[in-house]
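Single-letter residue listing:
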Amino acid sequence: MDSPRQGKNLNREPKRTQNRPSNPPQKDAYARLLSQHCSSKFSLYLEQYAKDTAFQREGTWPSPLLKAQSDRQSIPQKQREQVPNDFSDSSDFSPSSLKSKGEESSLSLYMEKLSTRTAQQDFERKQGVSDRQRCGQRRDTATSQDGDVESGEELGSLKPYESKKRKNKDFNKDVSSKETDSFVGRPQSPNTAGTSGQEQEKMKKSKKKKANSRQPEEDRSGEGQFQYGVDTRMLRPKSPPGIEKKLQQPKSSSANSPAEKGKNRGPRGSKRPVFESYMTFEEVSHGLKRGELIQGKLRINPKKYHDGFIPSPDDGRDVFLDGIVARNRALNGDIVVVRILPREQWKVVRSDTEYEGTSESDTQKENMGRTVHKKTTARTPRPAGIEDDQCSDQDELIRKLQNTALTDTEIGEHLEDPSTPRPNGEILQKTAKVVYIIEKKHSRAVTGFLKFLPDKPFAMFSPVDHRVPRINVLLADCPEDFSSRPGDYTNTLFICRITNWAADSNFAEGQLAKTLGQAGEIEPETEGILIEYEVDFSEFSDGVLNCLPKNLPWTIPAEEMSKRRDLRKECIFTIDPSTARDLDDALSCKRLPDGNFEVGVHIADVSYFVGEDNALDAIASQRATSVYMVQKVIPMLPRLLCEELCSLNPQTDRLTFSVIWTITPEGKILSEWFGRSVICSCVKLSYDHAQSMIEAPEKIFPAEELPPVDPLHPIDEIHQAVLNLHSIAKNLRAQRFTGGALRLEQLKLSFTLDKETMMPQGCYVYQYRDSNKLVEEFMLLANIATAHHIHKQFPQLALLRRHPPPKAKMMDELQELCDQLGINLDLSSAGALNKSLNASLGDDEYTMARKEVLTHMCSRPMQMAVYFCTGVLKDEQLFKHYALNVPFYTHFTSPIRRYADIVVHRLLASSLNCGPSLGLSTQEVEKQALRCNERKTVSKRVQELSSELFFGVFVKDCGPLESEAMVMGVLDQSFDVLVLRYRVQKRVYCKSVVGLDSFRHRKVGKTSELTLVWRAEDRENAPVEQVISIFTLVEVQLKADGAPMKYSAVLKRPEECKSN
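Quick notes on the rules
Residues numbered from 1 in each chain as written. Predicted model: local features only at pLDDT ≥ 70, side-chain atom pairs only at ≥ 80, totals over all residues. Heavy atoms only, no water. Buried < 20%, exposed > 50% of the residue type's maximum accessible area, 1.4 Å probe, protein only. Helix = DSSP H or I, 4+ residues; strand = E, 2+ residues; numbered from the N terminus. Contact = heavy atoms within 4.5 Å. Polar contact = N/O pair within 3.5 Å; in protein donor to acceptor, adjacent residues only side chain to side chain. Pairing = 2+ DSSP bridges. Expected span 1.5 Å × (residues − 1). Core = buried A, V, L, I, M, F, W, Y, C linked by side-chain atoms within 4.5 Å.

Trainee: Sorry if this is basic, but what is going on with helix H19 (residues 615-623) here?
Mentor: Given 3.6 residues to a turn, an α-helix orients residues that are three or four positions apart in the same direction. Within H19 the residues assigned to the buried category are Leu616, Asp617, Ile619, Ala620, Ser621 and Arg623. Packed against the buried residues of H19 are helix H17 (542-545), strand S19 (633-634), helix H20 (639-645), helix H27 (899-911) and helix H28 (922-958). Measuring from the backbone nitrogen of Leu616 back to the side-chain oxygen at the start of H19 gives 3.2 Å, which picks out Asn614 as the cap.

Trainee: Whenever I open this one, the pairing of strand S20 (residues 653-663) confuses me. Can you help?
Mentor: Residues in a regular strand point their side chains to alternate faces of the sheet. With 10 of its 11 residues buried, S20 lies for the most part within the structure. Bridge count between strand S17 (residues 597-604) and S20: eight bridges; the pairing is antiparallel. Bridge assignment links Gly600 to a residue of S20, and that residue is Ile660. Here 11 bridges tie S20 to strand S21 (residues 669-680), and the two strands are oriented antiparallel to one another. Across the sheet, the residue bridging to Asp653 is Cys680, located in S21.

Trainee: I would appreciate a short explanation of the pairing of S21 in the present structure.
Mentor: Relative to S21, strand S14 (residues 565-566) is paired through two bridges, and the arrangement is parallel. Note on S21: the bridge partner recorded for Asp566 is Val678. Remark: five residues form the turn of the hairpin made by S20 and S21, two consecutive strands paired antiparallel; Gly667 in that turn has positive phi of roughly 95°.

Trainee: Is there a simple way to think about H27 in this case?
Mentor: Between its first and last C-alpha, H27 extends 19 Å over 13 residues, near the 18 Å set by a 1.5 Å rise per residue. Counting buried positions along H27 yields 13 of 13 residues, so the element is predominantly enclosed. Looking at the residues trailing H27, positive phi occurs at Asn913, about 60°.

Trainee: For this particular structure, what's the right way to read the nonpolar core?
Mentor: Note on soluble globular proteins: their nonpolar side chains tend to be buried together. Ranked by size, the top nonpolar core spans 96 residues in total, and within it Phe573, Leu774 and Phe778 carry the most contacts. If one sorts the elements of this core by residue count, helix H23 (residues 770-793) sits on top with nine residues. Ranked by size, the runner-up nonpolar core spans 38 residues in total, among them Leu749, Leu753, Leu1038 and Tyr1047.

Structure follows, in structure tokens:
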């Protein structure tokens, strides 16, 4: 007996044959659709159709195309083919050719996977078009930036969201209310949106309801590919109605189960691939050699997560990857191979600054997205890359259609060079798709929340990081009572690891790794950050601990002492943060009879304790760096080394590596000595202690104002040494900047913690003072001297640190912006830029704020400083450190917390014949350099996230917090501000501003401004207009949101600012 499925298939076949003779032209159009479904013209048509669908649902801006389709039963075929917005041409698929015999909806046809058409399907397509969906909002973890002191490197901000789901009815209502005009908008709070599965009987009523019940979850799993209607060719097609009925159950958010349930299926139940199969290794190798493929690190925009980027091999504009399908299951940070798409599929952007992927930040910084164009009478824009991730679907569709509606003639005539702007400033950006993943750098572990799905054998895991897809987790892997009491876990943070992501599924599959605790609590959130970024915070193994000295308390062996220069009687001291425990550098300064000085930098000799190729060395090289968080440190080495045996604790004999110079008072170096030594620090000074000595040169400090001091060295001797070091450091610093160095100083937030609970009691902006500059100058001097020495001795093995120059095109764009705004910024060199930044930006209390905004702009085009092996790069010009403006640089001064410094110590010892000979190859040094680069980036990101976490708690416990703020960047529906009191950066969304009646955006050239129209408080007063542009001062209030750790910047009315 035939099954119901067989019966339906048999019934469908005759209808297909009946339709064929009645409409021969349809067959030709259908064949063209099959062969040319990637056509750019067809894509444009689909985008227009999606836009019109959204507008029709909203009841605004009716489209002739949509109207023609909705009235198709009464319009003759000939008239329907004359509908406006015809995107067809002689070579591409023609939408109009499909508008016959009930086939008017080409979008429905395409979205049904080019399935066979029946009269019943045609009828269902006439009932309506499924709603476009948008993604659920997640927790905001917008970050403040803290650039590397010597490199100017920066990290981008992440903005995770927490998703919520709604019934289909509420979802449609929410979408409608959100879609407003981008130029005159009525503000509203950004809402989270989602949906759940429809009831079975509702599903039988209409195809539209089925699509609405299924697509929102597919939307989220596609990481935003549906959210803005960006690449309709990449949308996941709906299953044909007949197949849905055969399944006899609604498609819910859990459409793709680990048990093959709900996988994408084509006609007759066959699986439909969502992603292309990867190329073979051999194909990839040949493609890379022939230049047909490109390899690079994938960066996904944390604020607009359907946008991905990889660096261009010619150091030009980044290559754009549009949507999850183009990324082909690769995650942020993965090393991928991509194929450049045909030119007609390249992205059109309105200016260089819209190339947001070009900023070096992933994951780092990852500041990718749309651009900021600024407009103000005498103000300067923020760096390219600010984007408004809260734009409505309608706004995005408008922009996409405007950006992509180019004919082939326009491309050929105006854009021969992709980077050459058109008259209106538009330029092309190459697009690509992933064809192979070389290395999965992403941990595949994410924090998030579980959602129970009725009648499903699995739960839906929603990651906090919305760049990661939703994950199906079998109920067997969930807590035992999760199915019976899912509400108990609503606010519980879990760690989930992706175990598989099939090519025919929008959803990944995974297993829960750990239950962290309640969202919003510091320790669970901290542990989640560490796991997600693969920071090893486990206890050191017995094998590692067995490599440490056994006889404690440990003393320096007499044999070792005889091999070293004994400096224990010298006046040597440390200057560190007051809370520091790992003291790896010390200073000395002794006046010589001829008036010159003997200055020493003494660094903990960690390489003595960490031998090569043992378990301790292996774990240190793997961790590569210590990770500093607000409340704790994840050490690279066991604490016995970090805090005791290697740490240069006061009045304790310690092994060191020393660099000692004879130097004039003006900072001219006369001689230099490297060697292993023994020191005994006479005092542990904090930066505050040293600063007090600098500020009071004549003061006699009593013993109670300082930490314990070695009686061999009176306080006055230490005080004078600090003053001498300060004087020399000022001269060295002046020489550096005169010689063309650059410093992009970015302030950071610090916290005071309760000693028992470790909760934030207060926060303050860390001040970079003369005592910090003193230490920095001598650390830089030691690093530069060491770099020259090891490069000379090991030209093929030296581990150095280079800082490439900024992206030229972004610098040109920034220069143009500054020129247009009247900002005298010279970007011709690092030194010229530094001089410009220190020029006067006014003479009032906001001068430093203006400088910080300008500094932030300049940091955007900067590339990351990286470790490398000199044997890998043949051109020594590439060794240069742009920010420091020196030919060679390395890291030598922090071996307790950086593995790169240990490698440098080994090279130095070998060169001086005071250490074992090296067994390293160029490839091994380069491999370790890459590892150090990767973990350094992660460490900085984790540090930022920790700071954001604590500030979120502080706002929740102590807020709301009032502060002035300065506008840093202006978008069409939002603007970024620097909150002056706390030095955090926050985005203000116009639609969320309470009391705002409307807003409009105006762009002139490269600059832009927003005019906010505040609703009149009474009938007697007129509405108040407020102009927002770069450097505009506003008042904001930082308030905790409902979601854990999330807070918002609430803009205050201008009248309230004046009254205050």
